[in-house]
Amino acid sequence: MKAVLVPTEQSDVLPSILETARLVAERFGSYVEGLPLRFDLAAMLPLDAVGGAMFPSPEWNDDDVTQHAREAFEGFMAGRGIPRAGAVPANGPTFAWLEDVPRGESFVAGHARVFDLTVVGRPGGRGTNPRMSTLEMILFESGRPILMAPPAPPKTLGEVVTIAWNRSSETARAVAMAMPLLKRAREVLVLGLKNTTVPGPGPEELARTLQLHGIAATSRMWPGELANAGEAFLAGAAEAGSDLLIKGAFTQSRLRQMIFGGPTAYVLAEATIPVLLAH
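So, here's what we can say about the structure. Bear in mind that the values here come from a model prediction, so they are computed numbers and not experimental data.

1. Re helix H1 (residues 14-28)
Here H1 spans 21 Å end to end across 15 residues, near enough to the 21 Å set by a 1.5 Å rise per residue. Burial runs high along H1: 13 of the 15 residues are buried. Looking at the residues trailing H1, positive phi occurs at Gly29, about 65°.

Shown next, in the form of structure tokens:
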């Protein structure tokens with residue numbers, strides 16, 4: 001996790017996004033790159049998957065918004081004592097700001113392919129919460145994991161980790177991409193469900209493999225059979241005192257989850273801890 005990307009725009013979740021990125025950077029001595037997330041009005045849909053896209057007001061000025069995003073990002077990093085990359089020799093985290101970013105989320109998704117992790121905010125339809133379209137574009141097009149920051153800034157990250165193990169290939173990829181975090185965790189819980197419809201190894205088998213890597217992993221089956229697996233995974237993570245959830249995204253059809261809901265949709269709407277997602 002030595003290279004972290006932070007698409008930046010004014011939102012209610014921005015303080016949590018920046019703090020989540022900082023926690024990763026402090027843990028790994030990461031280079032953190034911020035860039036402005038600029039509207040492509042022609043490509044925006046009337047509604048996103050969470051019930052409303054965030055449209056600019058009539059007073060919208062793209063240059064002003066971009067400048068405010070830069071000031072928020074650089075002010076936060078400088079205020080936390082993180083130096084600008086190249087300014088001084090540094091063994092710890094550094095930051096930089098990317099200029100001249102084109103409009104639209106497709107550029108961000110492509111740019112994210114050369115980063116270990118992209119930090120985004122939990123999307124929502126209230127206030128100025130981040131757009132679902134941003135998260136989905138990066139998740140599906142970057143080939144890299146995203147770290148979704150919760151609404152409130154986390155105090156710790158990666159000390160106690162829960163893996164939402166549904167036996168899917170998406171979750172297997174998420175676990176593989178999260179190995180640097182798992183190796184530094186104090187505790188790792190592999191949480192399985194009794195009523196999963198995906199065939200494959202159970203949570204105890206994944207925990208055994210993680211133990212071979214020197215990871216303090218344990219496993220358990222969630223005792224109940226909740227209608228929504230996402231609810232069970234969040235409840236299990238809370239019960240374990242986890243400050244990070246690892247989850248594969250959209251094992252079920254993406255369209256089905258957008259219309260009817262599902263484990264990923266539930267986690268995207270309700271998570272109060274950081275969630276590492278991969279597809």
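2. Details of the side chain of Asp243
Inspection of the secondary structure puts Asp243 in the loop between helix H8 (229-240) and strand S9 (244-248). At a separation of 2.7 Å, a polar atom in the side chain of Asp243 contacts the side chain of Thr156. For Asp243, the side chain forms a polar contact with the main-chain nitrogen of Glu159, separated by 3.1 Å. Discounting chain neighbours no more than four positions away, the residues touching Asp243 are Thr156, Leu157, Gly158, Glu159, Val160, Ile273 and Pro274.

3. Some thoughts on the environment of Pro145
With respect to the helices, strands and loops of the structure, Pro145 is situated in the loop between helix H4 (132-141) and strand S5 (146-149). By relative accessible area, Pro145 is classed as buried at 2%. Sequence separation between Pro145 and Thr118 is 27 residues; the distance between their C-alpha atoms is 6.8 Å. Among residues more than four places away in sequence, those in contact with Pro145 are Asp116, Leu117, Thr118, Met177, Leu276, Leu277 and Ala278.

4. Some points on the side chain of Ser11
Inspection of the secondary structure assignment puts Ser11 in the loop between strand S1 (3-8) and H1. Non-local contacts of Ser11, meaning those with residues more than four positions away in its chain, are made with Thr128, Asn129 and Pro130.

5. Focus: the pairing of S9
Remark: a regular strand shows side chains that alternate across the two faces of the sheet. Burial runs high along S9: five of the five residues are buried. Burial along S9 is two-sided: Leu244, Ile246 and Gly248 facing one way and Leu245 and Lys247 facing the other are all buried. In this sheet, strand S10 (residues 275-278) lies alongside S9 in parallel orientation, the contact comprising four bridges. Each bridged residue has a counterpart across the sheet, and for Lys247 the counterpart in S10 is Leu277.

Rules used throughout
- Residues numbered from 1 in each chain as written.
- Predicted model: local features only at pLDDT ≥ 70, side-chain atom pairs only at ≥ 80, totals over all residues.
- Heavy atoms only, no water.
- Helix = DSSP H or I, 4+ residues; strand = E, 2+ residues; numbered from the N terminus.
- Expected span 1.5 Å × (residues − 1).
- Buried < 20%, exposed > 50% of the residue type's maximum accessible area, 1.4 Å probe, protein only.
- Polar contact = N/O pair within 3.5 Å; in protein donor to acceptor, adjacent residues only side chain to side chain.
- Contact = heavy atoms within 4.5 Å.
- Pairing = 2+ DSSP bridges.

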